[in-house]
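Each chain, written out:
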Amino acid sequence: MTAQHRIEEQLTDEVVASFARTPDPRLRELMEALTRHVHAFIRETRLTEAEWTRAIEFLTAVGHITDDRRQEFILLSDVLGASMQTIAVNNEAYENATEATVFGPFFVEESPLVGIGGDIAGGASGTPCWVEGTVRDTAGNPVPGARIEVWEADEDGFYDVQYADARVAGRGHLFSGENGEFSFWCTTPTPYPIPHDGPVGALLDAVDRSPVRAAHLHFMVSAQDFRTLVTHIFVEGDPQLEIGDSVFGVKESLVKRFEEQPGGAATPDGRALGDKPWARSRFDIVLAPGRQ
């Protein structure tokens with residue numbers, strides 16, 4: 001062991017030891033592990049002072065652009081795969097339960113109640129799409145009364161909160177029926193770029209990565225005694241699936257068929273769309289039991 005190696009190792013040990021009196025054992029574990037990993041990264045890469053300063057400037061910029069309508073830290077977590085890794089750790093595979101994926105930065109509390117067969121589009125641009133399915137447990141029993149939150153970007157790739165006019169569109173919630181059934185109208189998902197006009201976008205440019213996400217529709221499903229499910233469904237045949245999703249959120253089980261319907265075709269609920277084409281998809285949700 002060289003003298004330099006001993007100096008570096010001694011510093012790591014000293015910082016780790018400084019957390020020894022932390023009252024919360026979990027906080028102590030996290031801080032000690034974080035210290036060891038950060039120090040190991042610095043030592044492995046021989047990080048320069050200029051690079052460390054640039055990293056601090058980058059994180060400062062991420063904080064400055066974050067507000068109540070834009071969460072740049074979530075975007076950073078997403079593009080580094082940290083969000084998906086956290087989801088993998090916290091949503092262990094359970095029998096045939098639906099897989100989870102990233103939450104994303106555009107969920108909003110208190111979305112409109114649309115009810116079964118309602119319309120979450122709220123005037124958002126795009127091709128009308130009928131989505132139906134059931135919510136069941138892993139034994140196949142229906143889960144009535146499950147709260148189903150749904151949100152999506154419009155045809156132009158923007159969520160309602162990205163507009164300056166306080167519109168509410170492309171989001172809503174409903175509750176599954178007695179047999180676990182649900183259905184609603186939305187717009188057919190299309191690929192779109194995550195916000196890339198800030199520091200996270202600059203990072204993607206620097207590493208030659210695309211900011212584009214595969215077309216998807218967000219879901220969050222919750223019911224008493226069940227694990228809350230945060231997931232998407234993706235559009236079968238979307239070319240972006242082959243190129244790659246910028247936040248690593250795609251799972252094969254979540255790719256669903258969105259069947260295009262010609263203008264004038266009868267809709268499931270008798271909605272009059274005239275000659276406008278529309279689409280339909282099915283998503284049967286299986287909830288894992290809640291943690292004891």
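Scope of this entry: the structure provided in the associated data block. (Residues numbered from 1 in each chain as written. Predicted model: local features only at pLDDT ≥ 70, side-chain atom pairs only at ≥ 80, totals over all residues. Heavy atoms only, no water.)

**Comments concerning the packing of helix H1 (residues 3-17) against helix H2 (residues 25-45)**
Where H1 contacts H2, the axes come no closer than 9 Å and their chain directions differ by 160°. Compared by their axis directions, H1 and H2 come out roughly antiparallel. H2 is crossed by H1, and the crossing has right-handed handedness. Of the residues in H2, those in contact with His5, Glu8, Glu9, Leu11, Thr12, Val15 and Val16 of H1 are Glu32, Thr35, Arg36, His39 and Arg43. Residue classes in the contact of H1 with H2 are distributed as three nonpolar, four polar and five charged. (Axes fitted to C-alpha atoms, helices over the stretch in contact; angles between N-to-C directions. Helix = DSSP H or I, 4+ residues; strand = E, 2+ residues; numbered from the N terminus. Parallel < 35°, antiparallel > 145°, perpendicular 65-115°, else oblique. Left-handed = near helix turned anticlockwise from the far one by under 90°. Contact = heavy atoms within 4.5 Å. Nonpolar A, V, L, I, M, F, W, Y, C, P; charged D, E, K, R; others polar.)

**Re the state of the cysteines**
Counted under the stated rule, the structure contains zero disulfides. Cysteine Cys129 is unpaired, with the sulfur of Cys186 as its nearest cysteine sulfur at 4.3 Å. (Disulfide = S-S within 2.5 Å.)

**Focus on the side chain of His39**
For His39, the location among the structural elements is in helix H2. Look at His39 and you get buried, because its relative accessible area is 18%. Ignoring sequence-local partners within four residues, the contact set of His39 consists of Leu11, Thr12 and Val15. (Buried < 20%, exposed > 50% of the residue type's maximum accessible area, 1.4 Å probe, protein only.)

**Thoughts on the nonpolar core**
Most often, soluble globular proteins have nonpolar side chains that are buried together. In this structure, Val135, Phe182, Phe184, Phe219, Val221 and Ile285 are the most contacted members of the largest nonpolar core, which totals 38 residues. Once you skip the residues sitting within four places of it in the chain, Phe182 turns out to touch Val131, Glu132, Gly133, Thr134, Val135, Ile148, Leu174, Phe219, Phe283 and Ile285. One finds Ala153, Tyr159, Tyr192 and Val230 within the second-largest nonpolar core, a separate group that totals nine residues. (Core = buried A, V, L, I, M, F, W, Y, C linked by side-chain atoms within 4.5 Å.)

**Some details on empty space enclosed by the protein**
Over the atoms, a rolled probe matching the size of one water molecule traces out where space is still vacant. Summed over all chains, the structure comprises one cavity of 30 Å³ or more. Put simply, the largest cavity is a space of about 90 Å³. Lining of the largest cavity is provided by 15 residues; of these, Gly104, Pro105, Phe106, Tyr192 and Arg213 occupy positions nearest its centre. For the lining of the largest cavity, the secondary-structure elements that each account for two or more residues are helix H4 (72-79) and strand S8 (216-222). Its residues placed into classes, the lining of the largest cavity shows 10 nonpolar, three polar and two charged. (1 Å grid on protein atoms, 1.4 Å probe; cavity = no way out; pocket = protein on both sides within 12 Å on 5 of 7 lines; lining within 4 Å. Points joined across faces, edges and corners; volume = space filled by probe spheres on them.)

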